[in-house]
Amino acid sequence: MLRIGVGGIWQETNTFVPRATTLRDFENYLLAEGPALLDAVRGTGTELGGAVAFAEQNGVQPVPLCFGAALPSGVVDGRAFATMLRALVGRARGAGPLDGVVLALHGAMVVEGCPDPELRVVTALRDAIGDVPVAVTLDYHANVGPDLPRAADFLVGYRTYPHVDMAERGAEAVELLVRRIGRPYRTPYAFRKLPLLTVPLAQEGAAEPMRSLLRAVGDLTRRPGVWTASALPGFAYGEGDRLGFGVYVSAVHGAHGHAADLAEQIWSQRENFTCDLVDADAAARATASGPGPVVLVDVADNVGGGSPGDGTAILHALAAAGAQGSVSVLWDPVAVAAAERTDGDLVALPVGGRSDPSMGTPFPLSGPARRLGRVGYTRTGSYMRGQRVDMGRVVVVDAAIGTVVLTQHRVVPFDDDHLRVLGVEPRAARSLVAKGAIAWKAAFGGYAARTLQVRTPGYCPAALDQLRYRHRPTPLFPLERDPAWEAAVAAGLRG
Ligand SMILES: [Zn+2]
């Protein structure tokens, strides 16, 4: 029986967030090793959940190493990374002979003192247990550098956004390893990096230009001799040398030509990664009439992109417009504690805007409150199905503008279970404030009547010139534009 190790370290790092990501943040989200890791991922719609299921259905023994994942936030503390890497490598060393390893790595992690952490994981593992085949799963938002494709046998990036194919990609990684094991040579690959920066709002899988590009990737994976292919738009909020759009093809022949074709197609679409934003006041007024629920997309305060989730711009706009029937979630542990200390049903307290003055002034919230204590739930939707989520302590306030949910922990709108578990019915809302760019569509997309993308403060702005990059490659489209350079990039893809 083949034995395949499973593990990884997974975080999308937003380098504009001033707060470091610590070991505690991984412990709060998911940090498990050995048999506890299998228990944590089995049956979930995640990469390792898919890898374990595929292995067990195909007579392969999954050997759990260590896996740490944290919600997107600031740069990862170097000691936290070293601790998890030590556990991963130690488990691999002690696991007995392994025929291969699947690593679930995000690809846009930034670690203090480590220029390419995903590469570091692969090389540390190989240094410890020898040259076993390694397949790496990557987020769509991976910022891949030139060395990772060389170090790993296969890279397998998600091909959906919202990312509803995580488990499929984990299964694909095991399948590739099974095909690879026993062959004397690794399959040739080609990797292309485009100097193209795109924001999440412009990367939706069901919208152009990504819809056509993802279809091209899917078609490519079905070509004879092609083992796997990925288009990786990347994460504009993780500064560093690895910014840009990546293309990866693994094929027994023609990998370079296929990668060049795909890269040319992407580069030809560079002007089309655009997004339309509306001001918060106009968006709030627009919720008064017409079909509902209207999703007010709080673009820049995207919790799944590392923003804190305590921005108040849309709440203020809803109040100014006299709007009713809205549903919003705000991360504010201080307000949760204050509401829990208040006697009686009614609370009146300032909420939000605490993490950074730029997130907006606190919103004066008042109304009857339900204090729910600590709330957890299991995701039932299409995104990370089966995963346990801990919202921490929760207070729900019925205010004039509608329902405001205050949470102790940051909550990502990847599902609508986080509202229904509180007795809040999102389908019945006039408007839903979604602190995300695209991923919320996995939660509310099925019944949203209208969508308004709102210009708000936060660490994930849709306008890249709002960010002060300290460290990035130049030139990068669209921050730099020059017809001669752009033509040279296109010509160079054939080189
Ligand atoms: Zn992503």
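Residues numbered from 1 in each chain as written. Predicted model: local features only at pLDDT ≥ 70, side-chain atom pairs only at ≥ 80, totals over all residues. Heavy atoms only, no water.

## Here's the deal with the domain arrangement of the protein chain
When cut into domains, the protein chain gives domain 1 (3-272) and domain 2 (278-461). If you average the C-alpha positions of domain 1 and of domain 2, the two centres end up 31 Å apart. Counting residues at the interface gives 25 residues for domain 1, matched by 23 residues for domain 2. Summed over both partners, the interface of domain 1 with domain 2 buries about 2100 Å², with 62% contributed by carbon and sulfur atoms. For the domain 1 face of the interface with domain 2, the top three residues by lost area are L71, P162 and L201, together amounting to 25%. Put simply, domain 1 and domain 2 have 1 salt bridge between them. (Domains from an automatic or database assignment. Contact = heavy atoms within 4.5 Å. Buried area = accessible area lost by both parts, 1.4 Å probe. Salt bridge = Lys/Arg side-chain N within 4 Å of Asp/Glu carboxyl O.)

## With respect to helix α5 (residues 117-129)
Taking 1.5 Å of rise per residue, the 13 residues of α5 would be expected to cover 18 Å, and the 18 Å separating its terminal C-alpha atoms lies within 8% of that figure. Among all positions in α5, only P117, E118, L119, V121, V122, A124, L125 and R126 are buried. Packing partners of the buried residues in α5 comprise β1 (3-10), α4 (78-94), β4 (100-104), β5 (134-138) and α6 (148-151). Two residues or fewer past α5, G130 is found with a positive phi of approximately 90 degrees. (Helix = DSSP H or I, 4+ residues; strand = E, 2+ residues; numbered from the N terminus. Expected span 1.5 Å × (residues − 1). Buried < 20%, exposed > 50% of the residue type's maximum accessible area, 1.4 Å probe, protein only.)

## Notes on the packing of helix α8 (residues 210-221) against helix α9 (residues 255-268)
One can describe the packing of α8 onto α9 by two numbers: an axis separation of 10 Å at closest approach and a directional angle of 170 degrees. Regarding the angle of α8 to α9, the classification is roughly antiparallel. Here S212, L213, A216, V217 and L220 of α8 come into contact with α9, specifically with H258, L262, Q265 and I266. (Axes fitted to C-alpha atoms, helices over the stretch in contact; angles between N-to-C directions. Parallel < 35°, antiparallel > 145°, perpendicular 65-115°, else oblique.)

## Brief notes about the coordination of the zinc ion
Those donors, D139 (OD), H141 (ND1) and H163 (NE2), are the protein atoms that reach the zinc ion, and they lie 2.0 to 2.2 Å from it. One chain supplies every donor to the zinc ion, and in sequence these donors are spaced D-x1-H-x21-H. Of the two residues, D139 sits in the loop between β5 and α6 while H163 sits in the loop between β6 (154-157) and α7 (166-180), which places them 24 residues apart along the sequence. Among the residues examined, D139 registers a relative accessible area of 3% and is labelled buried. Given a relative accessible area of 4%, H163 falls into the buried group. (Donors = N, O, S within 2.8 Å, 3.2 Å for Na, K, Ca; no water.)

## Observations concerning the sheet that holds strand β12 (residues 326-331)
Read from one edge of the open sheet, 9 strands run β10-β18-β11-β17-β12-β16-β15-β14-β13, paired in mixed fashion. Looking at which strands have only one partner, the edges of the open sheet turn out to be β10 (278-279) and β13 (346-351). Inspection of the sheet shows β10 paired to strand β18 (residues 450-455) by 2 bridges, in the parallel sense. The partner of D279 across the bridge, within β18, is R455. (Pairing = 2+ DSSP bridges.)

## Some remarks on the packing of aromatic side chains
What the rule picks out here adds up to 10 aromatic pairs. Look at F235 and Y237: their rings are 5.3 Å apart centre to centre, the planes differ by 85 degrees, and that puts the pair in the edge-to-face class. Residue classification places F235 among the buried positions, given a relative accessible area of 2%. Since its relative accessible area comes to 1%, Y237 is described here as buried. Ring pairing ties together the aromatic residues W267, F477 and W485, which thus form one cluster. We note R179 situated over the ring of W227; from NZ or CZ to the ring centre the distance is 4.1 Å. The residue whose ring lies beneath R270 is F477, and the NZ or CZ to ring-centre distance is 5.8 Å. (Phe/Tyr/Trp six-rings, centres within 6.5 Å; stacked < 30°, edge-to-face > 60°. Lys NZ or Arg CZ within 6 Å of the ring centre and 35° of its normal.)

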